[in-house]
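Overview (structure and organization)
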Amino acid sequence: MAKSGLASRLYRGEADLNIVGRRKLWFAVAGVLVLIAVLSFAVRGFSLGIEFAGGNSFQVPASVGTLEQAEAKVDAALAAKGGGAEVVTAQKVGSTSGEYYELRTGQLSAEQANEVKTEMAQSFGIQADQISGSQVSEAWGSQVTSRALLGLLIFVAVVAIYLILRFEWRMAAAAIASLFTNLVLTAGIYSLVGFEVTPSTIIGFLTILGFALYDVVVVFDKVQENTRGITANNNQTYGEAANLALNQSLMRSLNTSVVALLPVGGLLFIGAGLLGAGTLKDLGLVLFVGMAVAFLTSILLATPLLVLLKNQDPRISAHNKRVLARRGAIARGEVTPKGAPRAAAATAEEAIDPEAAALAGAAPKVGARPAAKRPSGARGGRPAGGGGNRPGGGKRR
């Protein structure tokens, strides 16, 4: 029979990928990535939108030209009347009243904003009332951040309670550590690449937590199923049973992630990229990055971390030692594996002491009848002709 491919073996849970056994490698990689993310936070920081940093926003009709032309003319107007402020972001936005360009700048005073607006109208050759503008204070962004952090704390508390009641505290600790790693790595990508952080980004961060939790719970449910009553036998260590659960649920997690990423990718690349729906870009970007990172952390981090915590349990630690000791005894020929043929055991004994094995083979088994030859013409030592204890031994009438 032809050897099945990796996809088929993944689907049947037979890929036998040693994920848990290489947990030190995954922990090292995760530690390096988290360190890079933290250094990026300290050195580069984040590219904050005007909702968090404060600034002004101007909406110009799309009929004035291309987005690049509009951005260049607004930069010229800011250089003349804006006191050195620059365009931070520029995007094309559609609405029921038509398409327009939204250009966000640094912080301007009310007088500067009016002068820049007049300069822009002259540059574009339109009326000043066709350009709308607004000012956003950074205090509003601070309020959004504080409420998002409060929501994050409430979410983590509820998740911890649920996982402790549904599984145990070690699984809750591993899941929460995986969630925080997911957040740090996603934020690190935002900091390194320079993606703009907006209120939609904060909403996206909270959304990916739910997706990451779902993936972890799916894997942990299979781990719990495989490890239920594991100490009653000496066939598998806890880590091996957890690794088997990972292989059995890996295809399901992969399918779930792909199905979730496809619509988010369409939202990001088609909606925001091709169709120019700029308002979808911030939400789609954080969802796409966060879901991809969540899949990796739930597989490569959550379950290996759970195994590390469970191995500290004295009951599981003793069980793992029994399993390894039994395997060592089997390898040395001291113990016959369960289900092994008896002939194999006899061969091992003969190799140790051939004479004793021969005597043991010649000795009768306990409870066996003597192997003496029965008298000829008699059945079971009774006289020929039957009759048993009846006198005469004749036939019945």
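Residues numbered from 1 in each chain as written. Predicted model: local features only at pLDDT ≥ 70, side-chain atom pairs only at ≥ 80, totals over all residues. Heavy atoms only, no water.

With that out of the way, let us pick up the nonpolar core. With 58 residues, the main nonpolar core has Leu163, Phe220, Val223, Tyr238 and Met291 as its most contacted residues. Among the elements of the structure, helix H6 (138–166), helix H7 (169–193), helix H8 (199–227), helix H9 (238–274) and helix H10 (281–310) are those that each provide at least two residues to this core. Among the elements that make up this core, the one with the highest residue count is H10 (13 residues). Once you skip the residues sitting within four places of it in the chain, Met291 turns out to touch Ile208, Phe211, Ala260, Leu261 and Val264. (Core = buried A, V, L, I, M, F, W, Y, C linked by side-chain atoms within 4.5 Å. Buried < 20%, exposed > 50% of the residue type's maximum accessible area, 1.4 Å probe, protein only. Helix = DSSP H or I, 4+ residues; strand = E, 2+ residues; numbered from the N terminus. Contact = heavy atoms within 4.5 Å.)

Space inside the largest pocket adds up to approximately 440 Å³. Along its surface, the largest pocket is lined by 15 residues, and Thr145, Leu149, Val197, Ile202 and Phe205 are the ones closest to its centre. Elements with a contribution of two residues or more to the lining of the largest pocket: H6, H7 and H8. Broken down by element, the residue count for the lining of the largest pocket peaks at four residues, all from H6. Across the lining of the largest pocket, the residue classes break down as 14 nonpolar, one polar and no charged. (1 Å grid on protein atoms, 1.4 Å probe; cavity = no way out; pocket = protein on both sides within 12 Å on 5 of 7 lines; lining within 4 Å. Points joined across faces, edges and corners; volume = space filled by probe spheres on them. Nonpolar A, V, L, I, M, F, W, Y, C, P; charged D, E, K, R; others polar.)

This next bit is on the packing of H8 against H10. H10 packs onto H8 with a crossing angle of 30 degrees between their chain directions and a minimal axis gap of 8 Å. Classified by the angle between their axes, H8 and H10 sit roughly parallel to one another. Pair H8 / H10 crosses with right-handed handedness. (Axes fitted to C-alpha atoms, helices over the stretch in contact; angles between N-to-C directions. Parallel < 35°, antiparallel > 145°, perpendicular 65-115°, else oblique. Left-handed = near helix turned anticlockwise from the far one by under 90°.)

This part is about the packing of aromatic side chains. In the structure shown here, the tally under the stated rule is four aromatic pairs. With 6.4 Å between their ring centres and 85 degrees between their planes, Phe167 and Phe220 make a pair best called edge-to-face. Pair noted here: Phe167 is in the loop between H6 and H7 and Phe220 is in helix H8, with a separation of 53 residues, a long-range link. Here Phe167 matches Phe220 in class, with each residue buried. Ring-pair connections join several aromatic residues into one group, and the members of that group are Tyr190, Phe195 and Phe205. (Phe/Tyr/Trp six-rings, centres within 6.5 Å; stacked < 30°, edge-to-face > 60°.)

Here we come to the confidence of the model for the chain. Per-residue confidence for the chain gives a mean pLDDT of 78; residues scoring 70 or more make up 77%. Within the chain, helix H2 (residues 23–43) carries the highest mean pLDDT (94), whereas helix H13 (residues 354–362) carries the lowest (41). Counting contacts from residues 343–373, a segment whose pLDDT is below 50, to residues more than four positions away or on other chains yields two contacts. Note that pLDDT drops below 50 for residues 376–397; the model gives that stretch six contacts with residues more than four away or on any other chain. (pLDDT = per-residue confidence, 0-100.)

Within the secondary structure, His319 sits in helix H11 (residues 314–331). Of the polar contacts made by the side chain of His319, one reaches the backbone oxygen of Gln236; its length is 2.6 Å. (Polar contact = N/O pair within 3.5 Å; in protein donor to acceptor, adjacent residues only side chain to side chain.)

Turning our attention to H11. Given 3.6 residues per helical turn, the α-helix brings residues three or four places apart onto the same face. Across its 18 residues, H11 extends 26 Å between first and last C-alpha, which sits within 8% of the 26 Å expected from 1.5 Å per residue. Along H11, the residues classified as buried are Ile316, His319, Asn320, Val323, Gly328 and Ala329. After H11 finishes, the residue Gly333 shows a positive phi value of roughly 80 degrees. (Expected span 1.5 Å × (residues − 1).)

A surface patch of nonpolar side chains, amounting to about 580 Å² of accessible area, comprises Leu25, Val29, Val32, Leu33, Ile36, Leu192 and Val193. Of all the secondary structure elements, the ones that give two or more residues to the nonpolar patch are H2 and H7. For the nonpolar patch, the leading source of residues is H2, giving five residues. The residue Val32 is located in helix H2 in this model. Taking the relative accessible area as the measure of exposure, Val32 reaches 48% and is therefore partly exposed. (Patch = residues over 30% accessible without salt bridge, like charges linked within 9 Å, V, L, I, M, F, W, Y side chains within 5 Å. Areas by Shrake-Rupley, 256 points an atom, 1.4 Å probe, with all protein chains shown as cover. Salt bridge = Lys/Arg side-chain N within 4 Å of Asp/Glu carboxyl O.)

Here we take up H7. If you check H7, its first and last C-alpha atoms are 36 Å apart, about what 25 residues at 1.5 Å a residue would give, namely 36 Å. Gly194 occupies a position one or two residues after H7 and carries a positive phi of about 90 degrees.

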